[in-house]
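# Results of the structural survey
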Amino acid sequence: MRILVTGGAGFIGAHTSKALAAAGHEPIVFDNLSTGHRWAVKWGPFEYGDLLDRAALIDVMRRHRVEAVLHFAALSSVGESNIRPDVYYRTNVLGTLSVLDAMKDAGVGQIILSSSCAVYGIPEKIPIDESALTDPINPYGSSKLMAEKMLGDYARAFNLAAVALRYFNAAGADPDGDVGEEHSPETHLIPSVLQVASGIRDYVNVFGSNYKTLDGTCVRDYVHVSDLANGHVSALTSFKFGEFRSFNLSSGCGYSVNQIIDRARFITNKEINTRILNNRMGDPPVLYANSNLAKSEINWIAKRSDIDTIISDAWSWISHHRFKVVCS
Ligand code: UFG
């Protein structure tokens, strides 16, 4: 299939472009490079453009005779979304609306949305399944839930086939070293911890130590980015026109912030200094999920998401990448 990958220069979009190409599809990347990287577009044509430019989206969809859209382009930092809700709603909600309208005009009928565990807010039951209440506690999660609702309404009204994949914490890097995580500034836990191990930072902040968890720090479900990428390839075969469906993509295991730091010390064999700060606004204490629905409906299971593999792959990437930066 010819597939438009919005945000294909970003972390998950680039890994998914690689997986799409390996499965025989053609990924056409549409990205404004605001957070993504041109060097990460390696598996198909690149179209520079902004999500809110509907005419540009329609033009790209028509020129490349696009058959489906994988919509990754979005802002994704929980902390930042509390400070800049305006920017988050504009990019994530209006951006998705623009993509859906462009699809309608260009006659493209299939879409997969990058959604998030943030749509659940503070879950009543752990592990989380898709029947759980959606009640986000930060603007990022709200923006993703609004985007999901739009997909549902458009699917029913305009006979689209629409899927939302609710990722838990994306981490790791391509095992072949072709692509990895590079945000500026980096705010996510695992790359921040590994930046300390590699000497780029002096310490990692621990946001809160008084949660009601095993060791007082937040628990998250880390899922390997290559597994997420394969989840999109699997979901492409399960489209149903006129329907919207959502699936958790998770490892099924929860690790605390302190446990992640300990595993990173072990894997890198480096000292990792920490600094304990207050809780970060909008952080649920515990999030982990089952992905049974994804297993039964789209034939997906996480294969590379044990925590040591995730950290090792991210460590290989950061070590290699830093070397390149130092030498260039
Ligand atoms: N954390 C720290 N120190 C840091 C960075 C993070 O203690 O320097 C903690 C956070 O408070 C959180 C955990 O580590 O408890 C993971 O934080 P990340 O920033 O790596 O990821 P988030 O859990 O905030 O965000 C991720 C995804 C979002 C998703 C969200 C749902 O990036 O897309 O999970 O909570 F929506």
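Computed from a predicted model, the values in this text were never measured in an experiment.

Reading guide: rules and limits
- Residues numbered from 1 in each chain as written.
- Predicted model: local features only at pLDDT ≥ 70, side-chain atom pairs only at ≥ 80, totals over all residues.
- Heavy atoms only, no water.
- Near = heavy atom within 4 Å.
- Polar contact = N/O pair within 3.5 Å; in protein donor to acceptor, adjacent residues only side chain to side chain.
- Areas by Shrake-Rupley, 256 points an atom, 1.4 Å probe, with all protein chains shown as cover.
- Helix = DSSP H or I, 4+ residues; strand = E, 2+ residues; numbered from the N terminus.
- Nonpolar A, V, L, I, M, F, W, Y, C, P; charged D, E, K, R; others polar.
- Expected span 1.5 Å × (residues − 1).
- Buried < 20%, exposed > 50% of the residue type's maximum accessible area, 1.4 Å probe, protein only.

To continue, consider the site of the ligand. As a matter of local geometry, the ligand sits amid 21 residues, with S116, L189, N205, R280 and D283 nearest to it. Within the side chain of Y140, a nitrogen or oxygen atom sits 3.1 Å from an oxygen atom of the ligand. In this structure, L189 approaches the ligand through a main-chain N or O atom, which is 2.8 Å from an oxygen atom. Taking 670 Å² as the accessible area of the ligand by itself, protein coverage stands at 93%. At 4 residues, strand β8 (residues 204-207) tops the list of elements feeding residues into the shell around the ligand. Residue composition of the shell around the ligand, grouped by class: 12 nonpolar, 6 polar and 3 charged.

The next subject is helix α5 (residues 139-158). For α5, built from 20 residues, the straight-helix expectation of 28 Å at 1.5 Å per residue is met to within 8% by its first-to-last C-alpha distance of 28 Å. The element α5 is largely enclosed, with a buried count of 14 among its 20 residues. Directly after α5, the chain includes N159, whose backbone phi takes a positive value near 60°.

Glancing now at unusual backbone geometry. Note that the residue after I126, namely P127, is joined by a cis bond; omega there is -5°. Among the structural elements, P127 can be located in the loop between β5 (110-116) and α5. Between S184 and P185 the backbone carries a cis peptide bond, its omega angle lying at 0°. Looking at where P185 falls in the secondary structure, it is placed in the loop between β7 (169-171) and α6 (189-197). A positive phi angle, close to 60°, is found at L33, a residue other than glycine. Tracing the backbone shows L33 in the loop between β2 (26-31) and β3 (46-48). On the basis of relative accessible area, L33 is assigned to the partly exposed category, the value being 28%.

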